[in-house]
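Here is what each chain is made of, one letter per residue.
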Amino acid sequence: MYTFNGIGTDMSNLFTLSNAKTRSISSENFSGKPGMGGRATLEEGSAAAAARDLGQGWKVSPYSHIEPGETFTLADISGSGCIQHIWMTTGGKCSWRDTILRFYWDDSEIPSVECPMGDFFCCGWGKYAQVSALPVCVNPGRAFNCYWQMPFRRHARITMENRSDERLTVYYQITYTETEVPDDAAYFHAQFRRVNPLPYKDVCTIVDGIEGKGQYVGTYMAWGVNNTGWWGEGEIKFYMDGDREFPTICGTGTEDYFCGSYNFDVADENGKRQYREFTTPYSGLPQVIRPDGTYSSQQRFGLYRFHITDPIRFEHELKVTIQALGWRSGGRYLPLQDDISSVAFWYQDKPAARWPQLPDRDYLEII
């Protein structure tokens, strides 16, 4: 008889009973074990001063501090199961580019996720933007939510590194289920890259070196335009399973890939055309940073595309690139030299992938 394992819950099976067990890790319960929440005492709790008149059980330790240069373990889970929701927010002066998330599956020493916090949650420019997608939601004010399903078979570990010179305060809750994981469940991955500026006539590599069987499920880009004019004529290309010079999948333009068209611009009531932000379950342009006429002189854009109903499946290898193209005189394409950051999201049959070294703090900094 079929027994639902509790992974992949949606409206079609929400009523189905399961033997899966729900657990949750936070600063109020670091282990996630039953009956261990809210036990912090006034002697050890991070918010002990606020709870001093009430005592144990009254929101004594709702957050954790991460000192400069420290890597903090958010979660360390043994056994098989699936992470189903992550909520977090931060306090203090730390930049989201200085806050690095890493996820490790099944005792691998190589992270399957290595990404600045803001970019992982589709806010790569260090400023809040409303995001209302299926796998990622960013809500007022600056509340990061992740709904990617992340199965593991023996072990899961999530860490946060504070690269800044300031103490970081993190509030978080990681909800997961303890359950059996099917043989065909793949491991979640996310890889961050930045190039600034993109060399003339080079293409931007979103991800390379993926080896194994899996499916590509999303792209986030923080795109900083370094000159005037339209910037989104470039094609995205997916090279898979033996492709070399030419890809199997070739898009028709940057805004087309992100499910928009015609420069993402719409005329207002006065007939003036301008970029129009939007956020939908599968794609969006949630952030447009416009010049202020003084110091904010370049346009910057945050875009996402999630392949939820149309995952890009590969058998043994995948590489993804995108061109940066504008217009020059004579109706000719202009290869751009822009500031481009990206996050690739995918699942594959191995718990870790080959990674380029994450650049240092200065290289990642957003001014």
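None of the values given here were measured: they were computed from a predicted structure.

Asks: I'd like a description of a nonpolar patch on the surface, backed by residues and values.
Replies: Taken together, Leu134, Tyr282 and Ile308 make up a surface patch of nonpolar side chains, about 250 Å² in accessible area. One can find leucine 134 in the loop between strand E7 (131-132) and strand E8 (136-139).

Asks: Describe in detail the nonpolar core, supporting the description with residues and values.
Replies: Formed by 57 residues in total, the largest nonpolar core has its most connected members in Met88, Phe120, Phe121, Trp148, Met150 and Phe345. Top element by residues in this core is strand E12 (residues 168-178). It accounts for 5 residues. Excluding residues within four positions of it along the chain, phenylalanine 120 makes contact with Leu101, Phe103, Val113, Cys115, Val136, Cys146, Met150, Phe188, Ala190, Val343 and Phe345. Core analysis: the second largest hydrophobic core is formed by 34 residues, Met221, Trp230, Ala324 and Ile340 among them.

Asks: If you had to explain the layout of surface pockets to someone new, which residues and values would you point to?
Replies: One water molecule sets the probe size; rolling that probe over the atoms shows where empty space is left. Computed from the structure, the largest pocket encloses a volume of approximately 850 Å³. Considering the residues around the largest pocket, the lining is formed by 24 residues, among which Gly8, Tyr147, Trp148, Gln149 and Tyr347 are closest to the centre. In terms of residue class, the lining of the largest pocket is built from 13 nonpolar, 8 polar and 3 charged. Reported here for the second largest pocket is a volume of approximately 300 Å³. Taken together, 15 residues form the lining of the second largest pocket, with Trp125, Arg300, Glu365, Ile366 and Ile367 sitting closest to its centre. When the residues that make up the lining of the second largest pocket are grouped by side-chain class, the tally is 5 nonpolar, 4 polar and 6 charged.

Asks: Could you give me a rundown of the packing of aromatic side chains, with the residues and numbers involved?
Replies: Any pair of aromatic rings gets described here by the distance separating the centres and the angle formed by the planes. According to the stated counting rule, one finds 28 aromatic pairs in the structure shown. Between phenylalanine 306 and phenylalanine 345, the aromatic rings sit 6.0 Å apart at their centres with planes inclined by 70 degrees, giving edge-to-face as the arrangement. In this pair, phenylalanine 306 is assigned in strand E22 (residues 300-306) and phenylalanine 345 in strand E27 (residues 339-348), connecting sequence segments 39 residues apart. Both residues of the pair, phenylalanine 306 and phenylalanine 345, belong to the buried class. Positioned above the aromatic ring of tyrosine 104, the side-chain terminus of arginine 157 is 4.1 Å from the ring centre. When the ring centre of tyrosine 239 is taken as origin, the NZ or CZ atom of lysine 319, which lies over that ring, is 6.0 Å away.

Asks: Which residues make up the sheet that holds strand E16 (residues 236-240), and what values do they have?
Replies: Here 4 strands make up an open sheet; going across it, the order is E14-E24-E16-E17 and the pairing antiparallel. Sheet topology places strand E14 (204-211) and strand E17 (249-250) at the edges, where each strand pairs with a single neighbour. Relative to strand E24 (residues 317-322), E16 runs antiparallel, the two sharing 5 bridges. By the bridge assignment for E24, lysine 237 is matched with threonine 321.

Asks: Explain unusual backbone geometry to me, and be specific about the residues and the numbers.
Replies: It is generally the case that most residues other than glycine have a negative phi and that most peptide bonds are trans. In this model, proline 140 is joined to glycine 141 through a cis peptide bond whose omega is -25 degrees. Relative to the helices and strands, glycine 141 resides in the loop between E8 and strand E9 (143-146). Omega for the bond connecting asparagine 196 with proline 197 falls within 30 degrees of zero, at -5 degrees, which places this linkage in the cis form. Within the secondary structure, proline 197 sits in the loop between strand E13 (187-195) and E14. One non-glycine residue, phenylalanine 264, adopts positive backbone phi at about 60 degrees. Topologically, phenylalanine 264 is positioned in the loop between helix H2 (254-257) and strand E18 (265-267). For phenylalanine 264, a relative accessible area of 6% corresponds to the buried category.

Asks: How would you sum up the side chain of threonine 219? Please name residues and give values.
Replies: Tracing the sequence through the fold places threonine 219 in strand E15 (residues 214-224). At a separation of 2.7 Å, a polar atom in the side chain of threonine 219 contacts the side chain of tyrosine 216. Apart from the residues lying within four places of it in its own chain, the contact partners of threonine 219 are Ile206, Tyr257, Phe258, Leu303, Tyr304, Arg305, Val343 and Phe345.

Asks: Tell me what's going on with the pattern of salt bridges, and back it up with residues and numbers.
Replies: Any two side chains of opposite charge can pair, on the condition that their charged atoms come close. Taken as a whole and assessed by the stated rule, the structure comprises 15 salt bridges. Across the salt bridge formed by glutamate 178 and arginine 23, the nearest N and O atoms sit 3.8 Å from each other. Within this pair, whereas glutamate 178 is found in strand E12, its partner arginine 23 is found in strand E1 (residues 21-26), the two being separated by 155 residues in sequence. Taking relative accessible area as the criterion, arginine 23 reaches 18% and is therefore assigned buried. With a closest N to O distance of 2.7 Å, aspartate 339 and arginine 194 form a salt bridge. With aspartate 339 in strand E27 and arginine 194 in strand E13, the pair connects residues that are 145 residues apart, well separated along the chain. Relative accessible area serves as the criterion here: at 8%, aspartate 339 is assigned to the buried category. The network of salt bridges with shared partners includes Arg102, Glu114, Glu161 and Arg163.

Asks: Describe in detail the side chain of lysine 237, supporting the description with residues and values.
Replies: Within the element layout of this structure, lysine 237 appears in strand E16. Reaching out from lysine 237, the side chain makes a polar contact with the side chain of glutamate 235 at a distance of 3.0 Å. Setting aside residues up to four positions removed in sequence, lysine 237 forms contacts with Pro247, Ile249, Cys250, Lys319, Val320, Thr321 and Gln323.

Cut-off values and rules
Residues numbered from 1 in each chain as written. Predicted model: local features only at pLDDT ≥ 70, side-chain atom pairs only at ≥ 80, totals over all residues. Heavy atoms only, no water. Patch = residues over 30% accessible without salt bridge, like charges linked within 9 Å, V, L, I, M, F, W, Y side chains within 5 Å. Areas by Shrake-Rupley, 256 points an atom, 1.4 Å probe, with all protein chains shown as cover. Salt bridge = Lys/Arg side-chain N within 4 Å of Asp/Glu carboxyl O. Helix = DSSP H or I, 4+ residues; strand = E, 2+ residues; numbered from the N terminus. Core = buried A, V, L, I, M, F, W, Y, C linked by side-chain atoms within 4.5 Å. Buried < 20%, exposed > 50% of the residue type's maximum accessible area, 1.4 Å probe, protein only. Contact = heavy atoms within 4.5 Å. 1 Å grid on protein atoms, 1.4 Å probe; cavity = no way out; pocket = protein on both sides within 12 Å on 5 of 7 lines; lining within 4 Å. Points joined across faces, edges and corners; volume = space filled by probe spheres on them. Nonpolar A, V, L, I, M, F, W, Y, C, P; charged D, E, K, R; others polar. Phe/Tyr/Trp six-rings, centres within 6.5 Å; stacked < 30°, edge-to-face > 60°. Lys NZ or Arg CZ within 6 Å of the ring centre and 35° of its normal. Pairing = 2+ DSSP bridges. Polar contact = N/O pair within 3.5 Å; in protein donor to acceptor, adjacent residues only side chain to side chain.

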